[in-house]
Amino acid sequence: MKRFALIGAAGYIAPRHMTAIKDSGNELVSAYDINDSVGILDSISPQSEFFTEFERFYDHAWRLRRQPGTALDYVSVCSPNYLHQSHISAGLRLGCDVICEKPLVPTPALLDELALVERETGKRVFNILQLRHHQAILALKDKVESERNGHKHEVDLTYITSRGKWYQESWKGDTRKSFGVATNIGVHFYDMLHFIFGSLQRNVVHHATDNKAAGYLEYENARVRWFLSIDANDLPTAVKCKKPTYRSITVDGAEIEFSEGFTDLHTTSYREILAGRGYGLDDARHCVETVSTIRSARATAPTDDEGHPFLQQLLA
């Protein structure tokens, strides 16, 4: 049984990490968040210590190191995106391996900084890249690899996840903290595309605002038109007022069904990490480079064959 601490315990994604720790047969020893809305702990890890000041959390974790039987093994990081690098470094310096939500960090330079701290501490960083464990994605990857013949697949990626007015008032609506829509809700899709279709060869942004983004990515084995949005007005008519989220990937015109099977992917990720098969800094580099380029790119008008259909409707 490994001993875990969790940073960012009041966040949206934290319960999935708490459940993954428990369901993989391990113990959540300590948790921290500046907010105290963490009643979920009562049903998952009621014995966990909880702190609302980082200094007290860090001091508690440091004192646990003094006895081999109480020392922490892992720190899980679910804090706001802009704090990931600092919290990961703190976990490494506590003598722990670290598991962090995506986006791991916003830039390749910060990946290099984390690699330096890994070398200094002898500990590892693992990123949650859960779509690499989704059965539909694995099946598509196998299919693409078995059919390699120089042909590039035509792919449309669409993800619309409605968010209310609260979103812009939270850290997620502050691009200095979330790094924008494409990074905050898109980074795991860019990782998935690289995982399936190989190295990225071209990265073009067609549209970028506070609540939506669109562009074109060309990989070794695919041409991808992508559209991401948190605006409910972008939902297709068939979905609007029925579901808050629309998720679609088509490959050569055929829909890839992957709307189900998400629930347990964090637990799968934890089991793989604990078994020595986790995804580290090098695995995360490709998607970090992709979102870093998207954030700095200047939007250009799409050509007819590279513009996503949803964007074409938006601009019509």
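Details of the structure are given in the entry above.
This is a predicted model, so every value here is computed, not measured.

Scoring rules and cut-offs
Residues numbered from 1 in each chain as written. Predicted model: local features only at pLDDT ≥ 70, side-chain atom pairs only at ≥ 80, totals over all residues. Heavy atoms only, no water. Buried < 20%, exposed > 50% of the residue type's maximum accessible area, 1.4 Å probe, protein only. Helix = DSSP H or I, 4+ residues; strand = E, 2+ residues; numbered from the N terminus. Arc of directions from axis to C-beta. Contact = heavy atoms within 4.5 Å. Pairing = 2+ DSSP bridges. 1 Å grid on protein atoms, 1.4 Å probe; cavity = no way out; pocket = protein on both sides within 12 Å on 5 of 7 lines; lining within 4 Å. Points joined across faces, edges and corners; volume = space filled by probe spheres on them. Nonpolar A, V, L, I, M, F, W, Y, C, P; charged D, E, K, R; others polar. Axes fitted to C-alpha atoms, helices over the stretch in contact; angles between N-to-C directions.

Draft legend 1. Up close: helix H1 (residues 14–23). All of the buried residues along H1 are Ala 14, His 17, Met 18, Ala 20 and Ile 21. Down the axis of H1, the buried set is contained in an arc of 160 degrees. They therefore lie on one face. Elements that come into contact with the buried residues of H1 comprise strand E1 (3–7), strand E2 (27–32), helix H2 (41–44), strand E4 (74–77) and helix H10 (265–274). Positive phi shows up at Gly 25, right after H1, with a value of about 85 degrees.

Draft legend 2. Expanded view of the pairing of strand E11 (residues 245–251). The pairing of strand E7 (residues 153–161) with E11 spans seven bridges and is classified as antiparallel. Pairing of Asp 156 across the sheet is with Thr 250, part of E11. Here E11 pairs with strand E12 (residues 254–255) via two bridges, running antiparallel. Counterpart to Val 251 in the pairing with E12 is Ala 254. In textbook terms, the turn of a hairpin is the stretch between consecutive antiparallel strands, and for E11 and E12 this stretch comprises two residues, one of which, Asp 252, has a positive phi near 55 degrees.

Draft legend 3. Representation of the layout of surface pockets within the structure. Of the volumes computed, that of the largest pocket is approximately 1400 Å³. Looking at the lining of the largest pocket, the elements with two or more residues in it are helix H4 (84–93), E7, helix H7 (166–169), helix H9 (181–197) and E11. In terms of residue count, H9 provides more of the lining of the largest pocket than any other element does, five residues in total. The residue inventory of the lining of the largest pocket, partitioned by class, reads 22 nonpolar, 16 polar and 11 charged. Taken as a whole, the second largest pocket spans an internal volume of roughly 190 Å³. Looking at the second largest pocket, it is lined by 13 residues, and the ones nearest its centre are Gly 180, Val 181, Ala 208, Thr 209 and Arg 295. Taken together, the elements giving at least two residues each to the lining of the second largest pocket come down to H9, strand E9 (212–219) and helix H11 (281–296). Of the residues in the lining of the second largest pocket, the class split is seven nonpolar, three polar and three charged.

Draft legend 4. How the structure looks around the pairing of E7. Taken across its nine residues, E7 has eight buried, putting it largely inside the fold. As defined by bridge partners, E7 adjoins strand E10 (residues 222–229) across eight bridges and the pair is classed as parallel. Residue pairing in the sheet places Glu 154 in a bridge with Arg 223 of E10.

Draft legend 5. Expanded view of the sheet that holds strand E3 (residues 49–51). Strand order in the open sheet made by the six strands is E3-E2-E1-E4-E5-E6, with parallel pairing throughout. On the outer flanks of this sheet lie E3 and strand E6 (125–127), each paired with one strand and no other. The mean inter-strand angle of the sheet, taken between neighbouring strand axes irrespective of direction, is 20 degrees. Strand direction decides the pairing type here: E1 and E2, joined by five bridges, are parallel. Opposite Arg 3, over in E2, you have Glu 27 as the bridge partner.

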